[in-house]
Amino acid sequence: MSNMKYKVEKTNIIDPPANSPEWEKANTGKVDVQRWQEFYQPINTTFKLLRGPEGISVLMNTDEKNLRAVCENENDRVCDDSCMEFFFKPDPWDINYINFELNPKGIMFLSIGEDRYRRVLLENDRKMFNIESIPNDGDWTLKFYIPDEFLLKYFKKIAKVCKGNFYKCGEQTGHSHFISWSEMEVETPDFQIADFFGRIEF
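Residues numbered from 1 in each chain as written. Predicted model: local features only at pLDDT ≥ 70, side-chain atom pairs only at ≥ 80, totals over all residues. Heavy atoms only, no water.

Visitor: Please set out the pairing of strand β8 (residues 108-113) residue by residue, giving values where relevant.
Guide: Extensive coverage of β8 is indicated by the burial of six of its six residues. Of the two faces of β8, the one carrying Met 108, Leu 110 and Ile 112 and the one carrying Phe 109, Ser 111 and Gly 113 are both buried. If you look at the hairpin formed by strand β7 (residues 97-102) and β8, you'll find five residues sitting between the two strands, and Gly 106 has a positive phi there, around 80°. Sheet topology places β8 next to strand β9 (residues 119-121); three bridges connect them, and they run antiparallel. Among the inter-strand pairings, Ser 111 is bridged to a residue of β9, identified as Leu 121. (Buried < 20%, exposed > 50% of the residue type's maximum accessible area, 1.4 Å probe, protein only. Helix = DSSP H or I, 4+ residues; strand = E, 2+ residues; numbered from the N terminus. Pairing = 2+ DSSP bridges.)

Visitor: Residue-level account of unusual backbone geometry, with values.
Guide: The backbone of Asn 66 sits at a positive phi, close to 55°, despite the residue not being glycine. In this fold, Asn 66 is placed in the loop between β5 (55-62) and β6 (83-89). Here Asn 75, not a glycine, exhibits a phi torsion of approximately 70°, which is positive. Here Asn 75 shows up in the loop between β5 and β6. For Asn 75, a relative accessible area of 11% corresponds to the buried category.

Visitor: So, the packing of aromatic side chains: which residues are in play, and what are the values?
Guide: The final tally for this structure, using the stated rule, is 20 aromatic pairs. With a centroid separation of 5.8 Å and an interplanar angle of 20°, the aromatic rings of Phe 87 and Tyr 97 are classed as stacked. Here the residue Phe 87 occupies a position in strand β6, and Tyr 97 occupies one in strand β7, the gap between them amounting to ten residues. On the basis of relative accessibility, which here comes to 0%, the residue Tyr 97 falls in the buried class. Relative to Phe 197, the ring of Tyr 97 lies with its centre 5.2 Å away and its plane at 75°, an arrangement referred to as edge-to-face. Remark: Phe 197 occurs in the loop between β13 (178-180) and β14 (198-201) and Tyr 97 occurs in strand β7; sequence separation between them is 100 residues. As far as burial versus exposure is concerned, Tyr 97 and Phe 197 are alike and both buried. (Phe/Tyr/Trp six-rings, centres within 6.5 Å; stacked < 30°, edge-to-face > 60°.)

Visitor: Residues and numbers for the pattern of salt bridges, please.
Guide: It is possible for side chains of opposite charge to pair when their charged atoms get near one another. Under the counting rule described, the total for this entry stands at 15 salt bridges. Salt-bridge contacts for Arg 77 lead to Glu 171; the nearest nitrogen and oxygen are separated by 3.4 Å. Taken together, the residues span a long stretch of sequence, with Arg 77 in the loop between β5 and β6 and Glu 171 in the loop between β12 (161-169) and β13 at a distance of 94 residues. Given the relative accessible area of 46%, Arg 77 is considered partly exposed. Taking the relative accessible area as the measure of exposure, Glu 171 reaches 30% and is therefore partly exposed. (Salt bridge = Lys/Arg side-chain N within 4 Å of Asp/Glu carboxyl O.)

In structure tokens form, the structure reads like this:
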């Protein structure tokens, strides 16, 4: 079980854009756990969350160099590219979680399920997520939005204390890496274990 905690601050703006000063209100979390040393890379990644009136906004940034962005179709294996990810369980009592995985082109892999093997791809219109991807080599910023309406299609509630994890990866980048916010206590890279998710407090 994880002892990681992140406190989400509130905003009156429905979905602040990536360059909004509203993000100064948000706490900064660090994606810096590199459990598997054979994949160690000097990559720094951060995340912020803001709770708006109708949904949750996610802002991530990484200083990864030599970005890879090959995938062009939604639900392609963006984890092979330079990739930033948010795995989220809005209802901690539900067995399922949703994984949002995006590459520098803003292409999203989106699925729901309880683990790696029992997942369903989601084909929802990506426009609802208001994706902003601003890739500069060594400074890639990613912002996306998760509407409450979307989450409540799949979960009974959005709890005051949720579960989740943030990741930075890139399996086929030439500098393969697997980095997390909350440590995944397994011998080989596997982000799909909800038991190791941290607490996200709204």
